[in-house]
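Here is how the chains run, residue by residue.
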Amino acid sequence: MGRLLIVSNRLPVTVKAGRGGAVEIQLSTGGLATGMKGPHERLGGLWIGWPGDLEGLSAAARDEADARLAEHRLVPVPLSADEIARYYEGYSNAILWPLFHYSAARLPPEVSGFDVYERVNARFAGAVADQWREGDLVWIHDYQLMLVPAMLRERLPGARIGFFLHIPFPSSEIFRLLPQRERLLEGLLGADLLGFHTSTFVRHFASSALRLVGATTEVDRVRWRGREVRLGVFPMGIDAAHFDALARSPEVEERARAHRAEGTPILLGIDRLDYTKGIQRRLLAYEALLRAHPELRKKVRLVQVAVPSRENVEAYRELRDEVDALVGRIHGEYATPGWSPIHYLYRGLAPPDLVALYRAADAVLVTPLRDGMNLVAKEFVAARPDGDGVLVLSEFAGAAAELAEALLVNPYDVEHTAEVFHRALTLPEDERRTRMALLRERVLGHDVHGWARAFVAALEQVEAAGGRVETAPSPPAVLRAALARARAAPRLGLLLDYDGTLVPFAPTPDLAAPDPALLELLRALAARPGTQVHLVSGRRRESLQRWFGALPLGLHAEHGLWARPRGGTWQAVPIPEARWRAPVLGILRGFTDRTPGSIIEEKTAGLAWHYRSADPEYGAAQAKELSLHLTELLREEPVEILPGDRVLEVRPRGVDKGRAVGLALGAGDGSLLVAMGDDRTDEDLFAALPEGSLAIHVGPAPSRAALRVADVRAARAALADLLSPA
Ligand SMILES: Nc1ncnc2c1ncn2[C@@H]1O[C@H](COP(=O)(O)OP(=O)(O)O[C@H]2O[C@H](CO)[C@@H](O)[C@H](O)[C@H]2O)[C@@H](O)[C@H]1O
Ligand SMILES: O=P(O)(O)OC[C@H](O)CO
């Protein structure tokens, strides 16, 4: 097996210039860096990332830092001061971070820095490609590197690439605010496997992929541009055994005892100083607790430890001032000479100090306004081998999806949160222990090592399934050879679907008129010696006549119900009277009224309900219901119900596009037939082709066609190729 290449913005250690410019290496804080450290140590391989701001280090000191990082299998990707300002502090942390945490109001008036974000992502992709060897797995992490999967896919088409997002993926209504939304989605869709903490984030991602780039989505996968990308829920764990063992160590027990010596119960908050963590509202709720319960004054204290984070980003500087002011106000109001209501520490703590606080706390308050997971909640639980202690947890932390035995709060409801703090302080011991036992079972049973193993195993499986090539375009050499055969044929018949094959889909059928380049291409093909061209469409004959009537083409409308030979007149296949038509029309009208953006297309023999311009998810759900309804109603009728690309069609049985094949071969001149189409109705056309014909499917959907091109542009290029000399 190959190695695991972990790729993240920040390495688990940060290099700094110490005294006199000496190299200083510290552990990084933050969930990703602390969390992935254990799996990196265990799984081997390399970790590629930013080593921190190297300002103030001489060239020799940087070499020394590189050598020390290499000892730990860490590969640095240095960033310049400008890149740190515009890629890290700018686009990543002043734009993506607030937006993904639903803080749209924090976006600057102008979203800038994407060019640098792109450049740095390309640098990361280059650094990975330099290290990659056949068989290696690539695991990219988080929002700072969302373009890397596609950039890497381009450089290493055969690599297995996974991506995990540590923060929430927001609702598509929020995500779509980003000017670069399509680029970011396309970047992510370069991966084979995309992992998220919760099923809600998976759902939001799939919804954005469907709505913004038109990907085909299912619960656990997305199909796009001929590739299949798996989606998975992987709730991240912590190194639970490590926290448990540290919490049992005599050193930590001693420190925890010292914390408790004062005798007043401890409420504890541990956070990166970040506006998403809900520190201000937590302080307000604590203030409300002291106001509503005077008996708790002098009888409780809140220890709030906030580790400095992203200090060059304005919102974080403002937050620091706001928290300082709030702490000052609560002190001013409630402190007495012998009692401080809040112990506020603005720094990071070493692991034993952190765990001693977890061990000493009566309740830990994890009240983010929005959080991907929140590892503090899990660390606290793992650090309680004594089985006591209460976890208060925001319902907006990803962890809430797993830790149902915590006391859950809505942090926006400050008064209620205060009451939950009170409840945490007064919960009977039995209940505390029951809840903690269940929480520990979950946290100890699903640790970060199991999490990493599950992700890597899923990534390996994606490769084993080989799903991604199934619907990929035919290799260029294969397509070229087929087209060369067509060019060499003395007589050639082209059977071409229209929508989705020769033109891209438009919001409504009438807007998909042919452009001059297409008309020219069809004219040239029809003028090619020995060549007949047929358009085989599900459209009404009026549209085909209006657009193509003047061209020397065979026209086939309504899936072959109507046909007009080249230079001839329209003729229809006789069909029985359609008793079903009026009631079906009534039902379609009802669905159209209830589904904004949908329309009915009335054809001679069939009826089509288009929902391309409706909300994609609601439209699809309505189509499913409509289909069930019609299937039941039309059981005895000689009709078929055909789901197409955002259309549901009812048409008489026995009339399908295959009929065009017979008409095209009518002359019995031994033509080689080439058929092209993109949806299910074109499968009838492909099925009716005589042996030796060429069937070319357009797009990524499953098809019986032996050849495949990616999209309309590629379909037209293939047709244009037929015009070059044999
Ligand atoms: N004062 C202090 N001193 C020492 N250590 C401190 C500290 N304050 C915090 N830490 C440590 O920093 C880490 C913070 O992890 P979190 O999960 O809370 O959030 P973060 O937002 O960094 O991570 C992102 O990634 C993680 C992992 O995926 C997601 O849980 C999260 O939602 C997402 O925002 C914890 O390991 C904690 O112990
Ligand atoms: O300090 P940062 O900016 O690397 O952020 C730390 C968090 O873990 C981001 O997921």
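Not measured: the values here are computed from a predicted model. Residue positions are given per chain, counted from 1 along the sequence in the order it is written. The naming scheme follows written order: chains are lettered A onward, ligands numbered 1 onward. Selection of residues for local features in this predicted model requires a pLDDT of at least 70, selection of side-chain atom pairs for listing and counting requires 80 or more, and totals for whole chains, interfaces and linings are taken over all residues. Note: side-chain values were computed over all heavy atoms of the structure, leaving out hydrogens and water.

(A) Fine view of the overall build of the protein. The way it works is that DSSP assigns letters per residue, a run of H or I at least four long becomes a helix, a run of E at least two long becomes a strand, and they are numbered from the N terminus. In terms of helices and strands, the protein carries 25 helices and 29 strands. Counting only C-alpha atoms, the protein reaches 105 × 65 × 45 Å along its principal axes. Per-residue burial for the protein yields a buried fraction of 56% across its 726 residues. In this description, contact between two residues means that some pair of their heavy atoms is separated by no more than 4.5 Å. Put simply, 70% of the contacts in the protein that link residues at least 6 apart link residues at least 24 apart. Accessible surface, the protein as shown: approximately 30,000 Å² in total, 52% of it carbon and sulfur. Of the charged side chains in the protein, 87 are positive and 93 negative; the average position of the first set lies 2 Å away from that of the second. The classification of residues rests on relative accessible area computed with a 1.4 Å probe and restricted to protein chains. Under 20% of the type maximum is buried, over 50% is exposed, and intermediate values are partly exposed. Only the protein chains shown count as cover for residues, and the accessible areas themselves come from Shrake-Rupley with a 1.4 Å probe. Only four residue types enter the charge count: Lys and Arg as positive, Asp and Glu as negative, with His and the chain ends excluded. In plain terms, the charge of a residue is placed at NZ if it is Lys, CZ if Arg, CG if Asp and CD if Glu.

(B) Structural context of the side chain of aspartate 388. Summarising the element assignment, aspartate 388 is placed in the loop between helix H14 (375-382) and strand S16 (390-394). Since its relative accessible area comes to 14%, aspartate 388 is described here as buried. In the analysis that follows, any N or O atom pair within 3.5 Å is treated as a polar contact, provided that within protein one partner can donate a hydrogen and the other can accept it, and provided that, for residues neighboring in sequence, both atoms belong to side chains. Looking at aspartate 388, its side chain comes within polar contact range of the side chain of arginine 432, at 2.7 Å. Beyond its immediate sequence surroundings of up to four residues, aspartate 388 is in contact with Arg432, Arg433 and Met436.

(C) Structural view of the confidence of the model for the protein. Along the chain, pLDDT gives the predictor's confidence residue by residue, from 0 to 100. Of all residues in the protein, 98% have pLDDT values of 70 or greater, and the mean over the chain is 94. A low-confidence stretch, residues 464-469 (pLDDT under 50), is modelled with eleven contacts involving residues beyond four sequence positions or located in other chains.

(D) Region of interest: the sheet that holds strand S12 (residues 266-272). One bridge is not enough; two strands pair if DSSP finds at least two bridges between them. Sheet architecture is open: six strands sit in the order S14-S13-S12-S15-S16-S17, paired in parallel fashion. The outermost strands of the open sheet, each flanked by one partner alone, are strand S14 (342-345) and strand S17 (407-409). Adjacent strand axes in the sheet meet at a mean angle of 20°, parallel and antiparallel pairs treated alike. Axis definition: a line fit to C-alpha positions, over the contact stretch in the case of helices; interaxial angles, taken between N-to-C directions, run 0 to 180 degrees. This element, helix H13 (residues 351-360), spans S12, strand S13 (301-307) and strand S15 (363-366) of the sheet and lies at about 145° to S12. Strand contacts of helix H15 (residues 414-426): S12, S15, S16 and S17, with the helix running at about 170° to S17, the strand carrying the most contacts.

(E) Structural view of the site of ligand 1. Proximity is defined per residue: if any heavy atom of the residue lies within 4 Å of a molecule or strand, that residue is considered near it. In the vicinity of ligand 1 lie 26 residues, with His166, Arg272, Asp371, Leu375 and Glu379 positioned nearest. In the environment of ligand 1, an oxygen atom lies 3.3 Å from a nitrogen or oxygen atom belonging to the side chain of threonine 34. One of the side-chain N or O atoms of histidine 197 is found 3.0 Å from an oxygen atom in ligand 1. Each domain's limits were defined by an automated method or a database of domain assignments. No fewer than three residues from each of domain 1 (4-76 + 122-233) and domain 2 (240-445) sit in the shell around ligand 1.

(F) Region of the structure containing the domain arrangement of the protein. Taken domain by domain, the protein consists of domain 1 (4-76 + 122-233), domain 2 (240-445), domain 3 (476-573 + 655-721) and domain 4 (581-651). Here the C-alpha centroids of domain 3 and domain 4 sit 26 Å apart. Counting residues at the interface gives 18 residues for domain 3 and 16 residues for domain 4. Roughly 1,300 Å² of surface becomes buried between domain 3 and domain 4 when both sides are summed, with 53% attributable to carbon and sulfur atoms. The salt bridge definition used is simple: a Lys or Arg side-chain nitrogen within 4 Å of an Asp or Glu carboxyl oxygen. On the surface where domain 3 and domain 4 come into contact, there are one salt bridge. Residue aspartate 684 is joined to arginine 651 by a salt bridge in which the shortest nitrogen-to-oxygen separation is 3.3 Å. For the interface between domain 3 and domain 4, the tally reads eight residue pairs in polar contact (both at pLDDT 80 or more). Tallying contributions element by element places helix H24 (residues 680-688) first for the side of domain 3 that touches domain 4, with three residues. Class assignment of the residues belonging to the side of domain 3 that touches domain 4 gives a composition of seven nonpolar, four polar and seven charged. In short, buried area is how much 1.4 Å probe accessible area vanishes from two parts on joining, totalled over both. In this classification, the charged set is Asp, Glu, Lys and Arg, the nonpolar set is Ala, Val, Leu, Ile, Met, Phe, Trp, Tyr, Cys and Pro, and all remaining amino acids, among them Gly, are polar.

(G) Representation of the nonpolar core in the model. Only buried residues count toward a nonpolar core, which is a set of Ala, Val, Leu, Ile, Met, Phe, Trp, Tyr and Cys residues joined through side-chain atoms within 4.5 Å. Membership of the largest hydrophobic core comes to 102 residues, with the highest contact counts inside it found for Phe100, Phe169, Leu184, Leu194 and Phe205. Residue-level mapping places this core at the junction of two domains, with at least three residues from each of domain 1 (4-76 + 122-233) and domain 2 (240-445). When neighbours within four sequence positions are excluded, leucine 194 is seen to be in contact with Phe163, Leu188, Leu189, Phe205, Val229, Arg230, Leu231 and Gly232. By size, the runner-up hydrophobic cluster in this structure holds 69 residues, among which are Ala61, Ala65, Phe234 and Phe243.

(H) Local environment of the environment of proline 411. Following the sequence through the fold, proline 411 ends up in the loop between S17 and H15. C-alpha separation for the pair proline 411 and aspartate 386, spaced 25 residues apart in sequence, amounts to 28 Å. Every residue in contact with proline 411, bar those within four places of it in the chain, is listed here: Arg281, Thr367, Pro368, Leu369, Ser394, Phe396 and Thr417.

(I) Quick peek at the site of ligand 2. As a matter of local geometry, ligand 2 sits amid Arg10, Gly30, Gly31, Leu32, Tyr88, Asn93, Asp142, Arg272 and Arg310. Between ligand 2 and leucine 32 there is a distance of 3.4 Å, counted from an oxygen atom to a backbone nitrogen or oxygen. In this structure, arginine 310 approaches ligand 2 through a side-chain N or O atom, which is 2.7 Å from an oxygen atom. Within the complex, 90% of the 310 Å² of free accessible area of ligand 2 lies under protein. Where the shell around ligand 2 is concerned, the elements lending two or more residues are helix H1 (31-43) and helix H3 (81-100). Here the shell around ligand 2 is composed, by residue class, of two nonpolar, three polar and four charged.

(J) Highlighting the packing of helix H9 (residues 240-248) against helix H10 (residues 250-260). Put simply, H9 and H10 touch, their axes get as near as 5 Å, and they point 65° apart. Regarding the angle of H9 to H10, the classification is roughly perpendicular. Of the residues in H10, those in contact with Leu246, Ala247 and Arg248 of H9 are Pro250, Val252 and Glu253. Looking at the contact of H9 with H10 residue by residue, the class counts come to four nonpolar, no polar and two charged. For classification purposes, an angle smaller than 35 degrees is called roughly parallel, one larger than 145 roughly antiparallel, one from 65 to 115 roughly perpendicular, and anything else oblique.

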